[in-house]
Amino acid sequence: MTIQPTTSPIPTPTLWDKLLNNFQAWALENPETLPSRTLLPIISFAEGIIANQTSYLDAKRQALGLTFCCAGQVVLGEFNTLETALTSPQARTWRLGTSMLSADHGPQLDKGGRNVFLLSLSDEEAGGNNHGAFRKCVEDYLINDTALARQDDPVAQQLLENLAADYVNMPHGFGEPFFTDDQRGLMGFLVRYLHYILFGINPESEDISVLTNLHYTKNGTVHYFTGSSILEKLNILGFGKIPELTEQVADIYENSPALANFQENNPEHNNMTRRELAKLIVSLMSIAALQGPLHLGKTAMGGQPMPNFKGHETSKIDTTVYWDNLNLDDDEAIQLFLLECSRLYMPVSATHRVATEPFTVTVGGKERTFPSGTKILIAMFLGMVSEEFWGPTAYEFNAQRDNLCPFHMGFHSVGDRSAGRICPAKAIALKMLTDVISTVGKARRSQRSLT
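In this text the structure is predicted, and so the values were computed from the model without any measurement. The residue numbers shown here count from 1 along each chain, following its written sequence. Only residues with pLDDT of at least 70 are given local features in this predicted model, and only at 80 or more are side-chain atom pairs given and counted; all residues enter the totals for whole chains, interfaces and linings. Hydrogens and water are ignored here; the side-chain numbers use all heavy atoms of the structure.

**Q** I'd like a description of the overall build of the chain, backed by residues and values.
**A** Each helix corresponds to a stretch of at least 4 residues labelled H or I by DSSP, and each strand to a stretch of at least 2 residues labelled E; elements are numbered beginning at the N terminus. Helices and strands together make up the secondary structure of the chain, namely 19 helices and eight strands. Here the C-alpha atoms of the chain give a radius of gyration of 22 Å, agreeing with the 22 Å that 2.2 N^0.38 yields for 451 residues. Once the C-alpha set of the chain is aligned to its principal axes, its extents read approximately 60 × 55 × 40 Å. Residues are treated as being in contact if the distance between any of their heavy atoms lies within 4.5 Å. A separation threshold of at least 6 residues defines the contact pool for the chain, and within that pool the share at least 24 residues apart is 70%. The method behind every accessible area is Shrake-Rupley, applied with a 1.4 Å probe, and residues are considered shielded solely by the protein chains displayed. In the form shown here, the chain has an accessible surface area of approximately 18800 Å², with 52% of it arising from carbon and sulfur atoms. Atoms considered for the radius of gyration are the C-alpha atoms alone. The globule rule reads 2.2 Å times the number of residues to the power 0.38.

The structure is reproduced here in structure tokens:
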């Protein structure tokens, strides 16, 4: 299979850019050689951490063109290629975007069980056998009509009002407590709100402190990444407590109202057990559900600046200016605002797939053929700032731009199109953040009118 980008930026690589790119391309072409087996994992780990900075991949594309190598993966940055990847079945391995994940810490694999980690399971059409059934189990018990109904009930509304009060009473500029205090403000809200909506857990329950401790205070997300074992064994920054906390949180989820009527040995769910579901959800809450909305909420409400892209002034965009001019009673306008915020600063900027057949692309000016099994980075973010697709205003803020909804890649999809891997909680997250922007925005305007 040959993949040819339609257009390409003029490359301006440094010597280091060229050396790193060319070595990785050669190593991925020849994965069984000694240099590949010894050096590529080191590069994958180190550059994978660096490449989590959104501007890094963008600078690589500017320097190397639309197709290059980064963090031990082939990066295909052309919009149409990304669109195809997101709407086609995917084979998977232990990666989260550019970062390497630890299979030893996978949910239930850490206890000698079977792999239930959705992010590492291949689609059935790409050689897998459990992803669809396990995902259905998550949706059936957590992301259902009961959860959606809770978003409009008095408990949810009170949590929104509490958040608005916190906004008024707490400093809320770049990096200030409203966005960083894990007990109050945005973090405190997200823990209480999402656990109430998804699990039916009382926001005033004593369990909230345990949930906060794992997911935010101890940064439990790190548990799933390669290298976390060292942090935990040496108890660096308290990471030694994370395995125990993970089990405690799984206990809370197992005993939550959402799982009260769990049916064991259900063939529709490939006989997923209550404990397997609980452990899977611990990982998804830590990695995605409590991180994505936090990131987007901070971006939309001025808690963090936009990325500093080379050659652009995106970092100077003040999203609060656009927030202040929104019709706060217009849900559609608010959602477009949120989508534009996440287009320029995506909470999840990339995902991956594993090639199921050899493919040929041009990397560094040379046509190369990579074997089946090669890791490919689906850099959704590069599609979101593609000037070939969005035009010369790709790095500017415009919530009214054409095709924003149908071609947005922020939920592991292209709009609502996917091959079954679209974020299952997309509707819940957008509804939640729409209500946040509206409720907190009204409090912000009332506060400003008094000063």
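**Q** Could you give an account of the environment of His172, naming the residues involved and the relevant values?
**A** Mapped onto the elements, His172 comes out in the loop between helix 7 (154-169) and helix 8 (177-180). Spatially, the C-alpha atom of His172 lies 22 Å from that of Ala429, the residues being 257 residues apart in sequence. If near-sequence neighbours (up to four positions away) are discounted, His172 is found in contact with Tyr167, Phe178, Phe179, Met301, Gly302 and Gln447. Each polar contact in these results corresponds to two N or O atoms within 3.5 Å; when the atoms are within protein, one needs to be able to donate a hydrogen and the other to accept it, and residues that are neighboring in sequence are counted only if both atoms are side-chain atoms. Polar side-chain contacts of His172 include one of 2.7 Å to the backbone oxygen of Tyr167.

**Q** Give a detailed account of unusual backbone geometry, specifying residues and quantitative values.
**A** Even without glycine at this site, Asn265 takes up a positive phi of about 60°. Mapped onto the secondary structure, Asn265 falls in the loop between helix 12 (242-254) and helix 13 (274-289). Even without glycine at this site, His412 takes up a positive phi of about 55°.

**Q** How would you sum up helix 13? Please name residues and give values.
**A** Residues separated by three or four positions in an α-helix point in the same direction, a consequence of the helix having 3.6 residues per turn. Here the expected span of a helix is defined as 1.5 Å times the quantity of residues minus one. Helix length check: helix 13, at 16 residues, gives a terminal C-alpha distance of 20 Å against a target of 22 Å (1.5 Å per residue), a shortfall beyond 12%. Across the 16 residues of helix 13, 13 count as buried, placing the element largely inside the fold. Here the term buried applies to any residue with accessible area under 20% of the maximum for its type, exposed to any over 50%, and partly exposed to those in between, with areas from a 1.4 Å probe on protein chains only.

**Q** Let's hear about the environment of Ala427: which residues, and what values?
**A** Considering the arrangement of structural elements, one finds Ala427 in helix 19 (residues 426-449). Sequence-wise, Ala427 and Leu148 are 279 residues apart; in three dimensions their C-alpha atoms are separated by 8.5 Å.

**Q** Describe helix 10 (residues 207-217), with residues and values.
**A** Buried residues of helix 10: Ile208, Leu211, Thr212, Leu214, His215 and Tyr216, and no others. Where the residues of helix 10 are buried, they touch helix 9 (185-199), helix 12, helix 13 and helix 14 (292-300). Asn219 occupies a position one or two residues after helix 10 and carries a positive phi of about 55°.

**Q** So what about the nonpolar core? Which residues, and what values?
**A** One finds Phe189, Tyr253 and Ile437 to be the most contacted residues of the largest nonpolar core, which totals 120 residues. For this core, the leading source of residues is helix 9, giving 11 residues. With near-sequence residues (within four places) excluded, Ile437 lies in contact with Ala300, Met301, Trp323, Leu326, Leu328, Ile334, Phe337 and Leu338. Of all hydrophobic cores here, the second largest spans 13 residues; its members include Ala25, Ala27, Val74 and Phe359. Nonpolar core, defined: a set of buried Ala, Val, Leu, Ile, Met, Phe, Trp, Tyr and Cys residues in which side-chain atoms within 4.5 Å join the residues together.

**Q** Explain the environment of Arg150 residue by residue, including any values.
**A** Here Arg150 shows up in helix 6 (residues 145-150). Along the backbone, Arg150 and Leu198 are 48 residues apart, and their C-alpha atoms lie at a distance of 8.6 Å. Residues contacting Arg150, with those up to four places away along its chain left out, are Ala156, Tyr196, Ile197, Leu198, Phe199 and Gly200.

**Q** Describe the sheet that holds strand 2 (residues 73-76), with residues and values.
**A** Judged by pairing direction, the sheet is mixed, and its four strands sit side by side in the order 1-2-8-5 without closing on themselves. Unpaired on one side and paired on the other, strand 1 (67-70) and strand 5 (351-354) mark the two borders of the sheet. For this sheet, the mean inter-axis angle between neighbouring strands, taken without regard to orientation, is 35°. Being paired, for any two strands, means DSSP has found at least two bridges between them. As paired elements, strand 5 and strand 8 (residues 375-378) share four bridges and run antiparallel to each other. Following the sheet pairing, Val354 is matched in strand 8 by Lys375. Helix-sheet contacts for helix 1 (residues 15-29) involve strand 1 and strand 2, and the interaxial angle to strand 1 is about 85°. Interaxial angle, 0 to 180 degrees, is taken between N-to-C directions of lines fitted to C-alpha atoms, where a helix line uses only the stretch in contact.

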